[in-house]
Amino acid sequence: MSRIIEFIKDWMLPIAIVAGIVICLILNYIIPSSSGAEPAFSRFAKDVQPVMVAIMLFLQFNKVSPKDLRFKKWHFLVLALQMGAFVTLSLLAIALPEGEARILVECAMLCFVCPTAAAAGVITDKLGGSLSDAVTYVVIINIFAALVIPLVIPLVHPVEGVTFGTRFIAICKRVFPLLVFPLLLAWLIRYTWKKLHDRLVGIAGWAFYIWGFTLCLSIYLATKALIGSGISLWGALLIGIVSMLCTLIQFVAGRKIGRYMCKDTNPKVRRADAITAGQALGQKNSGFLIWLGYSWMTPVSSVAGGLYSIWQNLVNSRELYEQRHHHE
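Residues numbered from 1 in each chain as written. Predicted model: local features only at pLDDT ≥ 70, side-chain atom pairs only at ≥ 80, totals over all residues. Heavy atoms only, no water.

1. Things to note about the environment of His197
Relative to the elements of secondary structure, His197 occurs in helix 8 (residues 194-202). Overall, His197 belongs to the buried group, its relative accessible area being 9%. Considered as a pair, His197 and Ile141 are 56 residues apart in the sequence and their alpha carbons are 28 Å apart. Those residues in contact with His197 that lie beyond four places of it in its chain are Asn62, Ile189 and Arg190. (Helix = DSSP H or I, 4+ residues; strand = E, 2+ residues; numbered from the N terminus. Buried < 20%, exposed > 50% of the residue type's maximum accessible area, 1.4 Å probe, protein only. Contact = heavy atoms within 4.5 Å.)

Below you can see the structure in the form of structure tokens.
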């Protein structure tokens, strides 16, 4: 039994990925559509996922004090890389004619500009990175994404009658409630109800398992979006390659930036900064990525979000496996 538990701990994220895909395939291709099971589960996934994310963040935020949030040099270099790549790819997309090449560039645009997942701190903490530094970057990149995306997207995909304010409000409604409310509630409890706060800190580790369940629902929705996109196998393969390259580039670049910008000679501090910067740049809010592609770009580009979610969580799974066995 202990071996089974250890296996689940090591490979929970791949298990969640496979479970999400299998559930989607069963509901779409095996269970008759007349049963209504697929629409019911889709509604359940869409309604429950944000609630689980909010709970997960609330548990994690109880470990972070307001005074722990501070800017670090790597925050600004990672931000510059992320925004610079997005603007450069946007200019390339504008120069390209409509077609497959432009769609692939749009997919890369989305993979770079997508803000860090609000839950990135869960994995960062598990890997030995800095939870507070991860949370700080989550706040920074979400603010910049809300400002930059509405300015750049109209140049690539102009839509008559849709203003900067409309896009800005839509993005804020999408990302800020799940980020701000759990943070403020956690800090309110920290300073008004110390006993409850201490208990919540004691169970903060459960956020990792909630993330596993949430990931299963996320992969289910991503697979459903992929099936419903009508994209060809060749098109899906090309988008898969682009999203995989974007995933690996950002995880590796983030780690290198974090290590390079850390001037502390302590190897543990350097490693923590490398881990945190890698997760901050590499781990994306894939649900936001899918929504952004479907709502404001060529709809098929939203497939990149579902595939990115798979790649990033395979990377996370490998990192967690190596971390656990390194300690052992």
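2. Some thoughts on the packing of helix 3 (residues 73-95) against helix 6 (residues 131-156)
Where helix 3 meets helix 6, the axes come as close as 11 Å, and the angle between the chain directions of the two elements is 20°. Taken together, the axis directions place helix 3 and helix 6 in an arrangement best described as roughly parallel. Crossing geometry of helix 3 relative to helix 6 is assigned as right-handed. Within the contact between the two elements, helix 3 uses Trp74, His75, Val78, Leu79, Gln82, Met83, Phe86, Ser90, Ala93 and Ile94 and helix 6 uses Asp133, Thr136, Tyr137, Ile140, Ile141, Phe144, Val148, Ile149, Val152, Ile153, Leu155 and Val156. The residue inventory of the contact of helix 3 with helix 6, partitioned by class, reads 17 nonpolar, four polar and one charged. (Axes fitted to C-alpha atoms, helices over the stretch in contact; angles between N-to-C directions. Parallel < 35°, antiparallel > 145°, perpendicular 65-115°, else oblique. Left-handed = near helix turned anticlockwise from the far one by under 90°. Nonpolar A, V, L, I, M, F, W, Y, C, P; charged D, E, K, R; others polar.)

3. What about the nonpolar core?
Generally speaking, soluble globular proteins have nonpolar side chains that are buried together. With 53 residues, the main nonpolar core has Trp74, Met109, Ile149, Phe288 and Leu292 as its most contacted residues. Elements that contribute at least two residues to this core include exactly helix 3, helix 4 (100-113), helix 6, helix 7 (164-192), helix 10 (233-261), helix 11 (267-282), helix 12 (286-296) and helix 13 (303-327). Examining the composition of this core, we find that 10 residues originate from one element, helix 6, more than from any other. Those residues in contact with Trp74, other than ones at most four positions away along the chain, are Asp133, Tyr137, Ile257, Gly258, Met261, Asp273, Thr276, Ala277 and Ala280. In this structure, Met52, Met56, Leu200 and Trp211 belong to the second largest nonpolar core, which totals 42 residues. (Core = buried A, V, L, I, M, F, W, Y, C linked by side-chain atoms within 4.5 Å.)

4. Some remarks on the layout of surface pockets
Each pocket or cavity is described by its volume, and for the largest pocket that value is around 1,000 Å³. Secondary structure elements with two or more residues in the lining of the largest pocket: helix 2 (37-61), helix 6, helix 7, helix 9 (206-228), helix 12 and helix 13. Top contributing element to the lining of the largest pocket by residue count: helix 9, with nine residues. Its residues assigned to classes, the lining of the largest pocket comprises 21 nonpolar, 15 polar and five charged. (1 Å grid on protein atoms, 1.4 Å probe; cavity = no way out; pocket = protein on both sides within 12 Å on 5 of 7 lines; lining within 4 Å. Points joined across faces, edges and corners; volume = space filled by probe spheres on them.)

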